[in-house]
Amino acid sequence: MKFDRIKLFHLRMPLRTPFETSFGRSTGRDCVILQVFAGDLVGYGECVADATPGYSSETVGTAWHVLSEFLIPAVLGQELQGVAELQARLAATRGHRMAKAGLEMAVWDLLGKTTGKSLRELLGGVHSQVEVGVSVGLQASPQALVQVVNGYLEQGYARIKIKIKPGRDVGDARAMRVAFPHVRLQVDANSAYTLESAAALLPLDELDLLLIEQPLDEDDIWDHSRLQPRFRTPLCLDESILSARHARQALDMAACRVINIKAGRVGGLYEACKIHDLCFLQGIPVWCGGMLETGVGRASNLALASLPGFTLPGDISASERYYVEDITRETFTLNPDSTIDVPEKPGLGVDVDLHVMKKYAIKELEVKA
Ligand code: NPQ
Ligand code: MG
């Protein structure tokens, strides 16, 4: 494979309804879409960094800089055998995992289009439908939360994740349990607590939750290992796990009993699969996290979540959960059994509607060999 030119598009997509987490409230979603041209084929990738560094330190601005100045020049115009070789070239740049993952996704798409294989086949996925759930942002009150969740249950989502933050944790989760005694429920704190303030979360242990996601800071794997023994409920790490090495260390420390895998957070699907394999061997359940992806990133998530170790429902909702209009011609819909179909066409298996994409593009750049 040889890349002739690469185009970047900074998209700003309006969200159907604002999404609020412990780190802030968003009314829109920015991302970078990449087009990688090789001969007469084009591969698409999505970099999941947002406009602001609330979830992680990367932003669209840092990704744009690092992609255009370092990552793309490192791979343009050279013969590359596959993803392992791509990652070896990208390793000269430290960190910036979301930027790397966006580029890697486009290369996976090209690889699939070249070989006629779907991304699911390339990764070794075994399911043609994957179980999904919905992630629900903080609402004005616990009553409002119950009402919003009721709408999602009516749409068919069989697993609900609610966002929590200090002062809006046990009360919200209890209101959910009272309203929906049997629903599969989990909570996500997005690093809003310390080892001390997390004592407020102990009553969650009575609510039969699937897991408690990322209560403490990204760089606090050790403190999670101090916190986990105080709960019967599994802790799940998201922000803390940036590599397969982190996953191994977190499991060695018993800092969590479940891992959320996001390809963007760990530098791409290649590393994501390594984390899956490690957890699969140890019998640790994993699930596919979500970053409010467009149809491009959603297709990638569905392929990843089709691997055998993804035994918990992913944060992979139907397109209409977040967007009125998506950039792919395919719109992903929820099946009655709370699953979504994994694309079967070569590569990501999606067609990008250039007209729609350009409508939301606020910046473009072409980098040539
Ligand atoms: C999480 N995702 O699991 C992330 C958080 C997240 C689906 O809960 C804009 C606004 C971009 C909010 C990216 C879900 C975001 C965002 C990720 C929240 O922690
Ligand atoms: Mg999370």
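Caption draft 1: Quick peek at the coordination of the magnesium ion (ligand 2). Distances from the magnesium ion (ligand 2) to its protein donors, Asp188 (OD), Glu213 (OE) and Asp238 (OD), fall at 2.1 to 2.3 Å. Spacing between the donor residues of the magnesium ion (ligand 2) along the chain follows D-x24-E-x24-D. Taken together, the residues Asp188 in strand 7 (residues 184–188) and Asp238 in the loop between strand 9 (235–237) and helix 8 (244–252) connect sequence positions 50 residues apart. Per residue, the accessibility class of Asp188 equals that of Asp238, and both read buried.

Caption draft 2: Main features of the site of ligand 1. The environment of ligand 1 is made up of 18 residues, and the closest members are Ser135, Lys161, Lys163, Asn190 and Gly290. Measuring from an oxygen atom of ligand 1, one finds a side-chain N or O atom of Asn190 at 2.7 Å. The side chain of Lys262 places a nitrogen or oxygen atom 3.1 Å from an oxygen atom of ligand 1. In isolation ligand 1 has 440 Å² of accessible area, and contact with the protein removes 99% of it. Judged by the proximity of its atoms to the pocket grid, ligand 1 belongs to the largest pocket. Looking at the shell around ligand 1, the elements that each hand over two or more residues are strand 2 (24–38) and strand 6 (159–163). Partitioned by chemical class, the residues of the shell around ligand 1 number six nonpolar, four polar and eight charged.

Caption draft 3: Quick peek at the packing of aromatic side chains. For the structure shown, the criterion picks out four aromatic pairs. Look at Tyr322 and Tyr323: their rings are 6.2 Å apart centre to centre, the planes differ by 55 degrees, and that puts the pair in the tilted class. In this structure, Tyr322 and Tyr323 share a single accessibility class: buried. Here a set of aromatic residues connected by ring pairs shows up, and it is made of Phe19, Tyr322 and Tyr323.

Caption draft 4: View of the layout of surface pockets. Approximately 460 Å³ is the volume attributed to the largest pocket. Along the wall of the largest pocket there are 34 residues; nearest its centre are Phe19, Phe23, Asp50, Tyr55 and Leu292. Of all the elements in the fold, those that place two or more residues in the lining of the largest pocket are strand 1 (5–21), strand 2 and strand 6. For the lining of the largest pocket, the element with the most residues is strand 2, which contributes six residues. Residues of the lining of the largest pocket, tallied by class, amount to eleven nonpolar, twelve polar and eleven charged.

Caption draft 5: Quick look at the sheet that holds strand 10 (residues 258–261). The parallel open sheet is built from seven strands, whose spatial order is 5-6-7-8-9-10-11. Each of the sheet's edge strands pairs with one partner strand only, and the pair in question is strand 5 (134–136) and strand 11 (286–288). In this structure, strand 8 (residues 212–213) lies alongside strand 9, joined through two bridges in parallel fashion. Opposite Ile212, over in strand 9, you have Leu235 as the bridge partner.

Caption draft 6: Structural detail: a negative patch on the surface. Together, Glu121, Asp337, Asp341 and Glu344 line one region of the surface with negative charge. Looking at where Asp337 falls in the secondary structure, it is placed in the loop between helix 11 (295–305) and strand 12 (339–341). Overall, the relative accessible area of 48% leaves Asp337 in the partly exposed class.

Caption draft 7: View of the pattern of salt bridges. Counting across every chain of the model gives 24 salt bridges. The partner of Glu364 in a salt bridge is Lys7, and the shortest N-O contact between them spans 3.8 Å. Here Glu364, found in strand 13 (residues 361–368), pairs with Lys7, found in strand 1; they are 357 residues apart in sequence, far enough to count as distant. For Glu364, a relative accessible area of 40% gives the class partly exposed.

Caption draft 8: Examining empty space enclosed by the protein more closely. Under the criterion given, the structure shown has two cavities of 30 Å³ or more. For the largest cavity, the calculated volume is near 120 Å³. Taken together, 18 residues line the largest cavity, and the ones lying closest to its centre are Val48, Met105, Ala263, Gly264 and Asn301. Broken down by secondary-structure element, the contributors of at least two residues to the lining of the largest cavity are strand 3 (41–47), helix 3 (97–115), helix 9 (263–266) and helix 11. In terms of residue count, the dominant contributor to the lining of the largest cavity is helix 3 (five residues). Lining the second largest cavity are Leu292, Glu293, Arg298, Asn301, Asp315, Ile316, Ser317 and Tyr322. Counted by class, the lining of the second largest cavity contains three nonpolar, two polar and three charged residues.

Caption draft 9: Fine view of the nonpolar core. Counting residues in each nonpolar core, the largest one holds 124 residues, and the members touching the most others are Phe3, Ile160, Leu204 and Ile259. For Phe3, the contacting residues outside a window of four places in its chain are Val36, Phe37, Ala38, Val75, Leu76, Gly77, Gln78, Leu80, Leu86, Val107 and Leu110. Leu211, Val258, Trp287 and Leu312 belong to the second-largest nonpolar core, a separate cluster that totals five residues.

Caption draft 10: Structural context of the pairing of strand 10. What you see with strand 10 is no split at all: Val258 and Asn260 on one side and Ile259 and Ile261 on the other are buried throughout. Examined bridge by bridge, strand 9 and strand 10 share two bridges and lie parallel to one another. Bridged to Cys236 within strand 10 is Val258. Each parallel crossover has a hand, and for strand 9 linked through helix 8 to strand 10 it is right-handed. Note: strand 10 against strand 11, three bridges, orientation parallel. Bridge pairing in strand 11 links Asn260 to Trp287.

Cut-offs used in this document
- Residues numbered from 1 in each chain as written.
- Chains lettered and ligands numbered in written order.
- Predicted model: local features only at pLDDT ≥ 70, side-chain atom pairs only at ≥ 80, totals over all residues.
- Heavy atoms only, no water.
- Donors = N, O, S within 2.8 Å, 3.2 Å for Na, K, Ca; no water.
- Helix = DSSP H or I, 4+ residues; strand = E, 2+ residues; numbered from the N terminus.
- Buried < 20%, exposed > 50% of the residue type's maximum accessible area, 1.4 Å probe, protein only.
- Near = heavy atom within 4 Å.
- Polar contact = N/O pair within 3.5 Å; in protein donor to acceptor, adjacent residues only side chain to side chain.
- Areas by Shrake-Rupley, 256 points an atom, 1.4 Å probe, with all protein chains shown as cover.
- 1 Å grid on protein atoms, 1.4 Å probe; cavity = no way out; pocket = protein on both sides within 12 Å on 5 of 7 lines; lining within 4 Å.
- Sits in = over half its atoms within 2 Å of the grid points.
- Nonpolar A, V, L, I, M, F, W, Y, C, P; charged D, E, K, R; others polar.
- Phe/Tyr/Trp six-rings, centres within 6.5 Å; stacked < 30°, edge-to-face > 60°.
- Points joined across faces, edges and corners; volume = space filled by probe spheres on them.
- Pairing = 2+ DSSP bridges.
- Patch = residues over 30% accessible without salt bridge, like charges linked within 9 Å, V, L, I, M, F, W, Y side chains within 5 Å.
- Salt bridge = Lys/Arg side-chain N within 4 Å of Asp/Glu carboxyl O.
- Lys, Arg positive; Asp, Glu negative; His and termini not counted.
- Charge placed at Lys NZ, Arg CZ, Asp CG, Glu CD.
- Core = buried A, V, L, I, M, F, W, Y, C linked by side-chain atoms within 4.5 Å.
- Contact = heavy atoms within 4.5 Å.
- Right-handed = clockwise from strand over helix to strand, strands pointing away.

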